[in-house]
Amino acid sequence: MKRERPSHAALSSGPVGALLLLLWLLSQFFDQPVRHVLSFFELAAERDDSGFLFAAAGILVLTNAARALLLYEGWFLLADASASTFRRPFLKRLLPLFAVPLCYQLVVFLDFPSAPHFGIPAILSLVSVLLIQILTRDVSGLGNQVLPLGILLFSFQWLDVIPFLTPWGFGWGELSLTLKQLAVLLGKENVLNGMASVSFLGVFAGALVTTELLASYEKQLAQLRRIRNQERELSRLREAELQARATEEMQRLVHDLKRPLTTVTGLADVLAASLPPGKEAHHVGEILRASTTMNQMISEILDPRVQRPVRMNGLLDYALSQIRPYPWSNAIALDTESAGKAWISANMVRLSRALVNLLDNAHRATENHATPKILLGSTLDPERGRVQFFVEDNGSGMETPPRPRRSGWGSTGLGLSFVEEVVREHGGSLEYGRSDVLGGAAVVVELPLVSFGESGEETP
């Protein structure tokens, strides 16, 4: 059984997670926020002002939340990468539950300058973040996933600075205990309890609302994408239905034309046999040849398998005659010098229509160009027994081959599908690339060679 490869997103989340963990370790040595907290402690003690006390609490909570965000998100990303790499989905939920507490204990064991306390808020944060992960499992984008996580961690860090929660295991870190003891000494314990509690409830509610909004937004985007895809598919089906209906009607009309054409051909044949050589016999012969050619074309329209020997330059001239009425046909240059006398077996009507479709695509690619240029030509490879038609332009080119049923101009792409179908019917191949001459797109149709020279039938 073939094993699936990990997704690109999962593989890239591993290095990002490792980088976040490295930043978390480095943040333990960054003491600038601690200095600000201590300076506000001094101001609060000197001026007996609860505002400085709350400012110290805010900086402390924000610092702890930022560090916790690096740690938690780092392990969540590593867990996601591990679950994808080892094909063990449970690692995505289980690994952070063990890794985060272990990191806190490791910092204490190594006696880092800023040793965090893994208390009840940290446990609540870890459990709640796992719930947030479940709620936001359909949310795409690292930023959209980090935002609710950061707000949630920020809310739980406020529990560490609420004095009446200290006996329950909240805020046993050095700075948190100092903050709460200072509030008691200044008689601001109730103020700190109230302000920190309100902050926790407000931020926690914001985290829940943010999570719900992001999940709802992602669901709406997914619904819009589904609706857009359904509309595209319906449009494609309608276009295909119209194309099939038009083809069926054309087949019926062409079939009806064979009856009077057969009469004309028969009468012209009788006249040609009964008239003596002269001007009248010559005119009747021309009528007979024209009606025979038309009959052959009708047969080709009715049956794609009907083919006849045609010369390359005659086929290209016939394709160009179909677009001469359009003004943009002046931008087309013809190059048949190397393979103009080559003969191929072709359904003249369908193959010329395929070339017209390619020329029309080239026109669409260059219609906004100041000086549009389109090159139609043919080349010969007698050693391989192949001939090539090519259509090149000076448009923007193709970065990738066109998708099935999709063109580069917002249409259904049925024209290119028809070209591919006709090329297969003729035992050929189709290639898309970039033109070395004009710099835009290049489409090459390769077909089997029948012969080279003057022998064969003239094309209409």
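Residues numbered from 1 in each chain as written. Predicted model: local features only at pLDDT ≥ 70, side-chain atom pairs only at ≥ 80, totals over all residues. Heavy atoms only, no water.

A look at the sheet that holds strand S4 (residues 374-381)
Across the sheet, which stays open at both edges, the five strands sit in the order S2-S4-S5-S7-S6 with mixed pairing between neighbours. Two strands lie at the open edges of the sheet, namely strand S2 (332-335) and strand S6 (429-434), each paired on one side alone. Direction aside, neighbouring strands of the sheet carry axes that sit 20 degrees apart on average. Bridging between S6 and strand S7 (residues 441-448) involves six bridges; their strand directions are antiparallel. For Gly-433, the partnering residue across the bridge sits in S7 and is Ala-442. In this fold helix H11 (residues 348-366) packs onto S2, S4, strand S5 (386-393) and S7, with an angle of close to 25 degrees to the strand it touches most, S5. (Pairing = 2+ DSSP bridges. Helix = DSSP H or I, 4+ residues; strand = E, 2+ residues; numbered from the N terminus. Axes fitted to C-alpha atoms, helices over the stretch in contact; angles between N-to-C directions. Contact = heavy atoms within 4.5 Å.)

Brief notes about the pairing of strand S3 (residues 342-346)
Most of S3 sits out of view: four of its five residues are buried. Pairing of strand S1 (residues 308-311) with S3, which is carried by four bridges, proceeds in the antiparallel orientation. Counterpart to Pro-309 in the pairing with S3 is Ser-345. (Buried < 20%, exposed > 50% of the residue type's maximum accessible area, 1.4 Å probe, protein only.)

Describing the pattern of salt bridges
Going through the model one piece at a time under the given rule, you end up with nine salt bridges. Residues Arg-350 and Glu-421 are paired through a salt bridge, measuring 3.4 Å at the closest nitrogen-oxygen approach. With a gap of 71 residues between them, Arg-350 in helix H11 and Glu-421 in helix H12 (residues 414-425) connect regions that are remote in the sequence. Taking the shortest distance from any N to any O, the salt bridge between Arg-386 and Glu-446 comes out at 3.3 Å. Separated by 60 residues along the polypeptide, Arg-386 in strand S5 and Glu-446 in strand S7 bring together distant segments of the chain. (Salt bridge = Lys/Arg side-chain N within 4 Å of Asp/Glu carboxyl O.)

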